[in-house]
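Now for the letters of each chain:
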Amino acid sequence: MTWALGLAVGGYVAVLLGIAARNSRPRPVAAVADDAALPTVAVVVAARDEEACIGRCIDALLAQDYPAGRLVVVVADDHSTDGTATAVRQRAAEAPGRVRYLRVPDPSGHLRGKAQALHTAIEAVDADVVLITDADCAPVPTWARTMAGAFADPSVGIVCGLARIAPRPGHAFDRVQALDWRLLLGAVSAAAEAGAPATGMGNNMGVRHAAYDAVGGYPALPFSLTEDFTLVRAVADGTDWRVRFPLDARSVVWTLPADGVAGAYDQRRRWARGGLDGDPWVIPLYGLLFGVHALLVAGLVLAPAVGLAAFAAKTLADGAALWASGRRVGASVGVGALLGLEVFLTGYLVTLPFVLLVRPRIGWKGRRH
């Protein structure tokens, strides 16, 4: 047991330190100074019952530092039952030509949910680049210019940016969620920038329209709860275009946190289910992560001294990876939040396989999958 724990945690620490080293070497997107050289952009937002936050999102998109007439915001209303349509149409009336409202048609075959909403918007525009964000997100003003500027490199087909959680006052667990997101996205960024893209982040992603068309768009791809993962894999595996994921403060979007521990756990259960339905390599990856954290729990129970040493080593490695990605975007690592992250991360990685076996169906946005 001691040897197994030492090998597992030692391997994990080596990988996380490698991620930290990779993310300490920035490769930012080159700034495009000439407005005429920037591509035409459509910012696509899939919305289902987002009355409470869609206004915040659209306001942030209208405040983008991007040439007039070269950026349009398209909101695809996925059968909302609240006031989403009214809120979007009001913004469209206030900013004619800059905001468009589309109603998503009824599902057709496997095309449904967020993938259908995104496709409805993408096929309705002829922009060079499609930027994708979520209704609960507010991109920084430099987001569109930075993301679109990455496509000045003709080899790039997809670009992803960092999504940061905006903690709410008095909600300590929001800071834990923020670190969990940053740890995950830091690892994904390091892999993509090393030439081995794993997935994307559907609330902060850009795709060259030609790359989307080349893979047939979402109608040609299998349904997934993680449609961003499916699209990134299709472009990375089926075309010659590259996927980039630079950690750049100029391309950050601020997203709202999940509602407490239960909400964050359900979010990760949905991500895990979508990932497991995707490429076969995801299953052994999840198996390795489960094994490391299950051994860590067993060590803490059966050999506390060894388990605590392993826990400390893992915590320091996670902290190093978080520090490396955080320094690029001006984010810190609080000790309390880091310890909370270790408890949350271990808890969901150890329990998710069993929960998915018992509760394989996912409830999301009022639908069962």
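Small disclaimer: the values here were computed from a predicted structure and weren't measured.

### A look at the side chain of N203
Then comes step 1: In this structure, N203 sits in the loop between α6 (172-193) and β8 (204-208).
Then comes step 2: Among residues more than four places away in sequence, those in contact with N203 are I132, T133, D134, C137, A163, W181, V253 and T255.

### Section: the packing of aromatic side chains
Then comes step 1: Scanning the model with the defined rule gives five aromatic pairs in all.
Then comes step 2: Judged by centre distance (5.5 Å) and plane angle (70 degrees), the ring pair of W181 and W271 falls under edge-to-face. Here W181 is found in helix α6, whereas its partner W271 is found in helix α9 (residues 260-276), with 90 residues between them in sequence. In terms of burial, W181 and W271 fall into one category: buried.
Then comes step 3: Measuring from centroid to centroid gives 6.0 Å for F290 and F354, while their planes differ by 70 degrees, and the two rings are edge-to-face. Of the two residues, F290 is situated in helix α10 (residues 282-302) and F354 in helix α12 (residues 335-358); the sequence distance between them amounts to 64 residues.
Then comes step 4: Residue F354 is classed as partly exposed on the basis of its relative accessible area, which comes to 49%.
Then comes step 5: Grouped by ring-pair contacts, the aromatic residues F173, F344 and Y348 constitute a single cluster.

### Brief notes about the nonpolar core
Then comes step 1: In this structure, I54, W143, I158 and L231 are the most contacted members of the largest nonpolar core, which totals 84 residues.
Then comes step 2: No other element matches the seven residues that strand β1 (residues 41-47) contributes to this core.
Then comes step 3: When near neighbours in sequence (up to four residues on either side) are disregarded, W143 contacts V43, L61, Q64, L131, I132, T133, N204, R250, S251, V252 and V253.
Then comes step 4: Membership of the second largest hydrophobic core comes to 32 residues, among which are V9, I19, A272 and L352.

### Structural notes on unusual backbone geometry
Then comes step 1: Within the chain, D49 stands out as a residue other than glycine whose phi angle is a positive 55 degrees.
Then comes step 2: Along the polypeptide, D49 turns up in the loop between β1 and α2 (54-62).
Then comes step 3: The phi dihedral of H79 is positive, around 60 degrees, even though this residue is not glycine.
Then comes step 4: As for its position among the elements, H79 is in the loop between β2 (71-77) and α3 (84-94).

Cut-offs and rules
- Residues numbered from 1 in each chain as written.
- Predicted model: local features only at pLDDT ≥ 70, side-chain atom pairs only at ≥ 80, totals over all residues.
- Heavy atoms only, no water.
- Helix = DSSP H or I, 4+ residues; strand = E, 2+ residues; numbered from the N terminus.
- Contact = heavy atoms within 4.5 Å.
- Phe/Tyr/Trp six-rings, centres within 6.5 Å; stacked < 30°, edge-to-face > 60°.
- Buried < 20%, exposed > 50% of the residue type's maximum accessible area, 1.4 Å probe, protein only.
- Core = buried A, V, L, I, M, F, W, Y, C linked by side-chain atoms within 4.5 Å.

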